[in-house]
Amino acid sequence: MSVRSRKTLFTAAALTAGLSLAAVTPALAGASADHTTRAAAVSSAQGDPRNVTQHVADFYGAYIDSVWATDDPGAAAAKKALRGFYLSGAAQKKVAAFEKKQHADGILFAQNVPVKWKVAYTGSGMGHATSRVTLTWGDGPHAQVSRIDVQSDLKTLKITDLKPAG
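What you are looking at is a predicted structure, and each value in this text was computed from that prediction instead of being measured. (Residues numbered from 1 in each chain as written. Predicted model: local features only at pLDDT ≥ 70, side-chain atom pairs only at ≥ 80, totals over all residues. Heavy atoms only, no water.)

S.K.: What exactly am I supposed to notice about the pattern of salt bridges here?
M.R.: Pairs can form between side chains of opposite charge once their charged atoms are near each other. Counted under the stated rule, the structure contains six salt bridges. A salt bridge links Arg 83 to Glu 99, with the shortest nitrogen-to-oxygen separation between them at 2.4 Å. Taken together, the residues span a long stretch of sequence, with Arg 83 in helix 3 (residues 75-86) and Glu 99 in helix 4 (residues 89-102) at a distance of 16 residues. In this structure, Lys 94 engages Asp 161 in a salt bridge whose closest nitrogen and oxygen atoms are separated by 2.5 Å. Taken together, the residues Lys 94 in helix 4 and Asp 161 in strand 4 (residues 159-164) connect sequence positions 67 residues apart. On the accessibility criterion, Lys 94 (41% relative accessible area) is partly exposed. Each member of the salt-bridge network shares a partner with another, and the members are Arg 83, Glu 99 and Asp 105. (Salt bridge = Lys/Arg side-chain N within 4 Å of Asp/Glu carboxyl O. Helix = DSSP H or I, 4+ residues; strand = E, 2+ residues; numbered from the N terminus. Buried < 20%, exposed > 50% of the residue type's maximum accessible area, 1.4 Å probe, protein only.)

See below:
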């Protein structure tokens, strides 16, 4: 084998090793000081951008991530952008009015951040679909749970109303 071929082989091996290390290092580094990382219970996820319930689930997942990320300077801008994209203008005004009056987040109807969320379709009619968002506030058998009914326009998929489930 020529010197040039060996150099090319060693360079390729070093590059491969470096890229592998770069991919594995974040996983090995563990959690930040503020939040603990949990092992994924599910190793895959899927979605459909045409599905209204999936749209609500996507919103709540991204929104909770942005609220949770207190150490990320871009989190506030992300929250605002998510609201603008997923909520109708009327829903944005209703959320803002709730927040001004209650001094709590108008999407989560709370002052803190849930550790888990789930979204389920509950029905539709007159051009709208309703989803039930279940928020879990803590771990263990005595974790508190709250529920929010979210109404979405079937044509635009925009969230048009949010209210605590009664």
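On we go.
S.K.: Can you walk me through the side chain of Asp 105 in this structure?
M.R.: Looking at where Asp 105 falls in the secondary structure, it is placed in the loop between helix 4 and strand 1 (116-125). Within the structure, the side chain of Asp 105 is placed 3.0 Å from the backbone nitrogen of Leu 108, a separation counted as a polar contact. (Polar contact = N/O pair within 3.5 Å; in protein donor to acceptor, adjacent residues only side chain to side chain.)

S.K.: What exactly am I supposed to notice about unusual backbone geometry here?
M.R.: Glycine aside, negative phi is the norm for most residues, and most peptide bonds take the trans geometry. With a phi angle near 55 degrees, His 103 is a residue other than glycine that sits in the positive phi range. Within the element layout of this structure, His 103 appears in the loop between helix 4 and strand 1. Residue His 103 is classed as exposed on the basis of its relative accessible area of 61%. Not every positive phi belongs to a glycine, and Phe 109 is a case in point at roughly 55 degrees. With respect to the element layout, Phe 109 can be found in the loop between helix 4 and strand 1. Given a relative accessible area of 22%, Phe 109 falls into the partly exposed group.

S.K.: Please clarify how the sheet that holds strand 3 (residues 144-153) should be interpreted in this entry.
M.R.: One key point about sheets: their strands pair by backbone hydrogen bonds, in either a parallel or an antiparallel sense. Spatial strand order, 1-2-3-4: four strands in an open sheet with antiparallel pairing. Every other strand in the sheet has two partners, leaving strand 1 and strand 4 as the edge strands with one partner each. The mean inter-strand angle of the sheet, taken between neighbouring strand axes irrespective of direction, is 20 degrees. Sheet topology places strand 1 next to strand 2 (residues 128-137); nine bridges connect them, and they run antiparallel. Paired with Trp 117 across the bridge in strand 2 is Leu 135. (Pairing = 2+ DSSP bridges. Axes fitted to C-alpha atoms, helices over the stretch in contact; angles between N-to-C directions.)

S.K.: What is the right way to look at the packing of helix 2 (residues 52-68) against helix 3 in this model?
M.R.: Any two packed helices are characterised by how steeply their axes cross, that is the angle between the axes, and by the distance between the axes. The N-to-C vectors of helix 2 and helix 3 enclose an angle of 160 degrees; their axes lie 8 Å apart at closest approach. Taken together, the axis directions place helix 2 and helix 3 in an arrangement best described as roughly antiparallel. Here the hand of the crossing between helix 2 and helix 3 comes out left-handed. Seen from helix 2, the contacting residues are His 55, Asp 58, Phe 59, Ala 62, Tyr 63, Ser 66 and Val 67; seen from helix 3, they are Ala 75, Ala 78, Lys 79, Leu 82, Arg 83, Phe 85 and Tyr 86. Here the residues of the contact of helix 2 with helix 3 are counted per class, giving nine nonpolar, two polar and three charged. (Parallel < 35°, antiparallel > 145°, perpendicular 65-115°, else oblique. Left-handed = near helix turned anticlockwise from the far one by under 90°. Contact = heavy atoms within 4.5 Å. Nonpolar A, V, L, I, M, F, W, Y, C, P; charged D, E, K, R; others polar.)

S.K.: Could you clarify how one ought to interpret the nonpolar core in this entry?
M.R.: For soluble globular proteins, the rule of thumb is that nonpolar side chains tend to be buried together. Counting 23 residues, the largest nonpolar core has Phe 59, Tyr 60, Leu 87 and Leu 162 as its most contacted members. Of all the elements in the fold, those that place two or more residues in this core are helix 2, helix 3, helix 4, strand 2, strand 3 and strand 4. A total of seven residues in this core trace back to one element, the largest contributor, which is helix 2. (Core = buried A, V, L, I, M, F, W, Y, C linked by side-chain atoms within 4.5 Å.)

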